[in-house]
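# Structure assessment
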Amino acid sequence: MDESDIRRGVIAALTEVAPEVDAGALSPAQSLRRQVDLDSMDWLNVIVGWHRRFGIDIPEADYAQLSSIDAVVRYIAARLPAPR
Amino acid sequence: MADFLMPALGADMVTGKVVQWLVAPGARVARGDVVAVVETHKGAIDVEIFLDGVIEDLAPLGVDLPVGAVLAQVRGADEARAASAPPPGAAAAATAPAAAVRAPAAAQPPAPPPASGPGASDSASRTPISTPAARRRAKELGVDVTAVRGTGVGGAVSLADVERAATSRPAPALPPAPEARPACALDPGPMRLAIAAAMARSKREIPHYHLAETVPMRAALDWLREHNAAAPVTARLLPAVLLIKAVAVALRGVPELNGLFVDGVFRPSTAVHTGVAISMRGGGLVAPALHDVQDKPLPRLMAELADLVQRARSGRLRSSELTDPTITVTNLGDQGCEAVFGVIYPPQVALVGFGRIVERAWVQGGGVGVVPTVVASLAADHRVSDGHRGGIFLGELAARLQQPELL
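Report follows, based on the coordinates. (Residues numbered from 1 in each chain as written. Chains lettered and ligands numbered in written order. Predicted model: local features only at pLDDT ≥ 70, side-chain atom pairs only at ≥ 80, totals over all residues. Heavy atoms only, no water.)

As a further point, take the sheet that holds strand 7 (residues 64–66) of chain B. All names here are of chain B. Spatial ordering of the open sheet is given by 7-2-4-5-16, a layout of 5 strands whose pairing is mixed. With partners counted over all chains shown, the strands left at the sheet margins are strand 7 and strand 16 (316–318), one partner each. Taken over all neighbouring pairs, the strand axes of this sheet differ in orientation by 40 degrees on average, direction set aside. For strand 4 (residues 34–40) and strand 5 (residues 43–48), the ladder comprises 6 bridges, and the chain directions are antiparallel. Bridge pairing in strand 5 places valine 34 opposite glutamate 48. (Pairing = 2+ DSSP bridges. Helix = DSSP H or I, 4+ residues; strand = E, 2+ residues; numbered from the N terminus. Axes fitted to C-alpha atoms, helices over the stretch in contact; angles between N-to-C directions.)

Here it is in C-alpha cells:
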C-alpha cells in the first residue's frame, strides 16, 4: 500500500460519513474538521472507518495528531507494516 | 377489530404518506412490529404498531393522509373474520393496486423481533439492537442482521457477531436483499416549515424560563479518558452519553420537568425518553427519543445513540422515537458554542442544553486552576415548574457529573 492508496482510503472513510464532501475541494494541509462539518459522533465514525480500513489501532490520545488529511496519511503510513 | 391510525410523529405533523407496507394483508402483527414506512417532513419513518392480531385492509400507498386516518384494521387473534364486513372507505378502493405493489414485501417479510432475545428487557424487546458498524458489515456480507444473535452489551449485535454469522452461514449465500426501501432524500423545505411551526407554537404557548449553570467536567472527562484508553475505538464513549445519562438520573428528583403538557394538564412520565437534538447534514433538525435512558448502562446508550444519529441522518427513524420523547437534550458538541438557550419542543415541558466543553480558570479550595467546564442550561415551562425547582435540577445534574462512575 503506497501513499496514494492510503490517501484514497482516508478520503473514502471520510466521505462515507460526510457524503456531501467534495474530496477534490479539500485542502490536504488545512484543518480537516474546520473544512468538513463533523460533529463528535461523525468524527468518531470517521476514526472507526480508518481503523477498519487500515487495521490499525488509533488511541484516543492520538486524535489531536489527526488534524489534516496530510497528517492522517502520515500517521497511518507510520503504523502500517513496512512494505516488502 | 381495532383501527391502526396514522400516528402524529411530532407536534408539527399534519399529514403523512404510506410509501411501503412491510406486512401483507392477513399477516400476524405484534406490539412493536414495524409494519409500514410513512414519509413525513422528517424523512421516511418506520411506523410501529401497538396492537396484536391479524392486519387487514391496508391503506393505499402514496396518498397524503391526515394524522388519525385509518391505515389498517387489526383483528384480534381469536376474533373470527366478519365475512361480510365492508372494508373501510379509504381502503376499499386501494385493495387491488395495493396488494399488487405489496407482493415483494410479502416475499421477504421482515424478521419479527425475537420474542425473548438475549438480555431482553422491556425496552430490549422493542427491537434487536445492533451497532451501525455491524449493520454496515452485515450489508456488505449479505447477512440478515436481525437474525444474528447478539453478544454485545444488552444483547446488541456487534461487528464480531455479524462476521461470525457470515462464516458459519451455509454455503449458498443469501442473495443480496433488493433495495426494498423507498428513496428518502430529505427536502429541507418542509422540514424547515415544520420546525418553524413547532417553535412558533412553543413560543406562543409555553411561558419559558431559562437557567444556566457552569459545571466542572474534570472528573467526568478523566473517567471517560480512562475508559476509552482501555476500549477499542468501536467501544469508546462520547461525553454526550455521560451528559444524557446524567440528565435522566437527575430528573428523578424533579419529575415536573419530565413529561407532556396535553389539554391543559401536565402528565409526568416515570420513564425518561430523552429526545436528542440531531442536526441534519445540509440543514434541519430532528430530536428522536433514546428510550428508558435512566435504566441503561453507558455502553448501551452509546450504541443506541450512534444508531439513532445514523438513522436520523439517513431518514430511517421509527415512529415511537418521534412520539415518545418526554424531554429533549441538545448538546452542541466540541465544534459548538459555549452555551445554548433552548426552545421547548411541545408538548414537552423542558429542554436541557449543553455547550462546548471549555477550559476555564476555576476557583476551588481558595486556589485557581484550569478546569474543563460545560455550561448546562435549562429551558422549562412555567405552567408546570418554576426557577427554584429548575435550579435544584441543574444542581443535581452538576453533582451527578462529579461521580461519572455511578452513571
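Before going further, it helps to spend a moment on the interface of chain A and chain B. Quoted interface sizes are often the accessible area lost when the parts come together. Facing 22 residues of chain A, the contacting portion of chain B comprises 19 residues. Buried surface at the junction of chain A and chain B, summed over both partners, amounts to about 1700 Å²; 50% is from carbon and sulfur atoms. Taken together, the connections running from chain A to chain B amount to 6 salt bridges. Ionic pairing is found between B:Arg313 and A:Asp42, a salt bridge with its closest N-O pair at 2.7 Å. In this assembly, chain A and chain B are joined by 10 residue pairs in polar contact (both at pLDDT 80 or more). Taken together, the elements giving at least two residues each to the side of chain A that touches chain B come down to helix 1 (3–17) and helix 3 (40–54) of chain A. A per-class count over the side of chain A that touches chain B returns 11 nonpolar, 2 polar and 9 charged. (Contact = heavy atoms within 4.5 Å. Buried area = accessible area lost by both parts, 1.4 Å probe. Salt bridge = Lys/Arg side-chain N within 4 Å of Asp/Glu carboxyl O. Polar contact = N/O pair within 3.5 Å; in protein donor to acceptor, adjacent residues only side chain to side chain. Nonpolar A, V, L, I, M, F, W, Y, C, P; charged D, E, K, R; others polar.)

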